[in-house]
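Overview (structure and organization)
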Amino acid sequence: MSASTRFIRKSKAILAVTVATAGTVAGVGLVTAAPAHAWASATVDITGHGYGHGRGMGQWGAYGYAIDYGWNYTQILSHYYGGTTLRAAAPPAMTVDLTGLDGTGSLTVTSGAPFTAAGVAVAAGGAARITYVGTNAFYVQTKAGGCAGTFGAARRVSTSLITSSVAAPSAVSQMLTECTSQRSYRGTLDLTYGSGATRVVNALSMDDYLKGVVPRESPASWGDSAGGKGMAALQSQAVAARSYATVSNRYSWAKICDSQNCQVYGGAGLNGALIEDPRTNNAVASTSGKVLTNSAGAVVSAEYSASTGGWTAGGTFPAVQDLGDVESPYHDWSASIPAATVGSTFGVGTLSKITVTRNGLGQDGGRVLSVTLTGSAGTDTETGASFAGALGLKSDWFSIKSPVWPVFYLTNTLVRPGINIGEPLGLTGDLPLACDWAGHGVDLPTTYRASTGTFYWRTSFASNAPISSVKLGGPGALPICGDWDGNGTDTPGVYYPQAATFVLMNTSARTASTPLSYVLLGGGGALPVAGDWNGDGKDSVGVFDPRTATWALINTLANGVPRTTFRWGLAGDQPLAGDWDGNGTDTPAIFRGGKHFAITNDLINRTPSYFDYGLPGDIGVAGDWNADHKDTVGVGRFF
């Protein structure tokens, strides 16, 4: 048997074929067995919808309903918070943990108005520093001239409360400004201790608190949209934030925090400028006291997130379709994460498989309830939320693009198309070929990964057969194989087009050995072929120039030997070679357009027979798949 096959240009066509799906495409059956090897792509490609947990109101959806549907805030809230009633209730005073100051041990404040720090009067423009020294024990220091400079002597006090002399300041200069962050606050500031660290707490009225929340959670500019219709979204935000804050009791020292772990609160000023906004202040004032209550009359925790993606997540409030979310820039999103990162993040080693279960609501089957990852080191199951959080995805509503496993489709006949073997192997972007590595008279599907210079093949056609490999070449190399010494076993070779050089090995052992020979032939964009052109039982090499459809073949692996040259085929064809009639001599073939083979049994006259097999974008291969001493063809679908 004459081992033959050669090259291969990487296809640029894309075809959506999934190995795990049974069916027929253009007369070629697809294999149903999933390959038991690494994830078929270097990345895990993900598409998704929405931003955030999706429970309750979607902020962008509220905006969409306001400007596109003309809904008022009561309609918006009723849609997202099913089973609730909007009513007025006396709001509690708010205490907010300023998380950026946690654990600092002290609090330094200034103001353009007179204020009191731990009972000590501080003149306008002065500053005070309070330091925690133990339970109900603090030091207070003061100075003139703002935050910078040296503070005066410390006095021991039993309180840490800092209060402005202006009860309702209208200007930032009249507020209390924390010296490190340069944020200014309405209400009072206090240094306290809780859960093993010092805390700074801002106490103020509910509506003053909301003035610092609403413009941080929803853009104040929405209030100007669609002739002012967008104000309904800001009013919805104000009611939802008020309800959420009313029932929050996060800590023993404060009801709520200022970060996105609660709801974002920025105070009233920053670097001396007001960061409240008249539009969001209006939304707070026009809904003052309004909260959402359940059927028992209790205020509900009105959760919300940036974007639902088109359906809310359900839970405390019924899941509903969110048509307003089409306005969201996060309505659809995508992410691409290295497969190695996914495998290591969840401790499964080399990733091979991901399966998900969904809630059935919305596009692609809805939000992900669970994710099971399988790899070389085991299996891990995560919730959709924990999977998304670990990888930094925007939401738990996502779909993982099934990688197109590279597959060989091989036929044992040159008479009519018919699938006999389908073999998954390799990664997208590998180059396919076929070689008789064991000398059994059967060519086995093989892939070449140029990035690492590695040939891979299974030891049989079974999809779970062990994989062998050998290294040769690297980036820029094109793979071939052949029986160079006539012992009946193929060994690897590579061709470097720019150097017009073949490097051929006499072993397929995993450790590379000294090359059998270096052969100079071709050049430029030439493509390699290998075959026994004269029937002497030994394969030699040749090249095909796809620009001119010119072949050059040699019968011995020596430089300067006579070559046979001829033109056959068309520009852009892919060259192949095989012993199509079993006479012990290889002759050329070409693969055209990803689906047409032209085969000749005559090296002199080259009268072709034609055979259609494959799909556009496939790469042709040739070999003896059933040990009948006749080569036939196949395709590698590696895109």
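Below or above, wherever it landed, is the structure these notes cover. (Residues numbered from 1 in each chain as written. Predicted model: local features only at pLDDT ≥ 70, side-chain atom pairs only at ≥ 80, totals over all residues. Heavy atoms only, no water.)

With that out of the way, let us pick up the overall build of the chain. A tally of helices and strands in the chain yields seven helices and 47 strands. Its C-alpha radius of gyration of 36 Å places the chain more than 25% over the 26 Å reference for a compact globule of 639 residues. With the C-alpha coordinates of the chain rotated into their principal frame, the extents come out at 105 × 55 × 40 Å. Relative to its 639 residues, the chain shows a buried fraction of 52%. At a minimum sequence separation of 6, the contacts of the chain that also span at least 24 residues come to 57%. In the chain, 40 side chains carry a positive charge and 43 a negative one; their mean positions are 10 Å apart. (Helix = DSSP H or I, 4+ residues; strand = E, 2+ residues; numbered from the N terminus. Rg over C-alpha atoms; globule rule 2.2 N^0.38 Å. Buried < 20%, exposed > 50% of the residue type's maximum accessible area, 1.4 Å probe, protein only. Contact = heavy atoms within 4.5 Å. Lys, Arg positive; Asp, Glu negative; His and termini not counted. Charge placed at Lys NZ, Arg CZ, Asp CG, Glu CD.)

A few words now on the pattern of salt bridges. All chains considered together, the criterion is met by twelve salt bridges. In this structure, the salt-bridge partner of D618 is R637, at a minimum N-O distance of 2.8 Å. Taken together, the residues span a long stretch of sequence, with D618 in the loop between β45 (608-612) and β46 (619-623) and R637 in strand β47 (residues 632-637) at a distance of 19 residues. Residues D618 and R637 agree in their burial class; the two are buried. Within the structure, one salt-bridge network assembled from shared partners comprises D224, D277 and R279. (Salt bridge = Lys/Arg side-chain N within 4 Å of Asp/Glu carboxyl O.)

Moving on, we come to the state of the cysteines. Within the structure shown, the criterion is met by three disulfides. Here C147 engages in a disulfide with C179; their sulfurs sit 1.9 Å apart. The chirality of the disulfide connecting C147 with C179 is left-handed, given an S-S dihedral of about -75°. Placement of C147 in the loop between β11 (137-143) and β12 (155-157) and of C179 in the loop between β14 (176-178) and β15 (183-185) is noted, with a sequence separation of 32 residues between them. The partly exposed category is assigned to C147, whose relative accessible area is 24%. A disulfide bridge connects C257 with C262, and the sulfur atoms are separated by 2.1 Å. Between C257 and C262, the disulfide has an S-S torsion of 115° and is therefore right-handed. (Disulfide = S-S within 2.5 Å.)

A few words on helix α4 (residues 231-247). Its 17 residues give α4 an end-to-end C-alpha distance of 25 Å, which sits within 8% of 24 Å, the value for a rise of 1.5 Å per residue. By the criterion of burial, α4 is predominantly enclosed, with 16 of the 17 residues buried. (Expected span 1.5 Å × (residues − 1).)

Further remarks concern helix α3 (residues 206-217). Between its terminal C-alpha atoms α3 stretches 16 Å, which fits the 16 Å expected from twelve residues at 1.5 Å a residue. In terms of burial, α3 is largely enclosed, as nine of its twelve residues are buried. By the burial criterion, the buried members of α3 are M206, D207, Y209, L210, G212, V213, V214, P215 and E217.

This next bit is on the packing of α4 against helix α5 (residues 278-286). Orientation of α4 relative to α5, taken along the N-to-C sense of each, is 60°, at an axis distance of 8 Å. Considered as vectors, α4 and α5 are oriented oblique to each other. Both α4 and α5 take part in a crossing whose hand is right-handed. Contacts between α4 and α5 pair M231, L234, Q235, A238 and R242 from the former with R279, T280, N282, A283, V284 and S286 from the latter. When grouped by side-chain class, the residues that make up the contact of α4 with α5 number five nonpolar, four polar and two charged. (Axes fitted to C-alpha atoms, helices over the stretch in contact; angles between N-to-C directions. Parallel < 35°, antiparallel > 145°, perpendicular 65-115°, else oblique. Left-handed = near helix turned anticlockwise from the far one by under 90°. Nonpolar A, V, L, I, M, F, W, Y, C, P; charged D, E, K, R; others polar.)

In spatial order, the strands read β9-β8-β13-β16-β17-β6-β18; together these seven strands make up an open sheet with mixed pairing. Each edge of the sheet is formed by a strand with only one pairing partner; in this case those strands are β9 (120-122) and β18 (256-257). Of the pairings in the sheet, the one linking strand β8 (residues 115-117) to β9 comprises three bridges and is antiparallel in character. Within the sheet, the bridge partner assigned to T116 lies in β9 and is A121. (Pairing = 2+ DSSP bridges.)

In helix packing, the relevant descriptors are the interaxial angle and the interaxial distance, both defined with respect to the helix axes. Packing of helix α1 (residues 59-69) against α4 leaves a shortest axis separation of 7 Å and a crossing angle of 140°. It follows that α1 is oblique to α4 by the angle criterion. Crossing handedness for the pair α1 and α4: right-handed. For the pair α1 and α4, the contacting residues are Q59, A62, Y63 and A66 in the first and A232, A233 and Q237 in the second.

Honestly, it's all geometry; don't read function into it.
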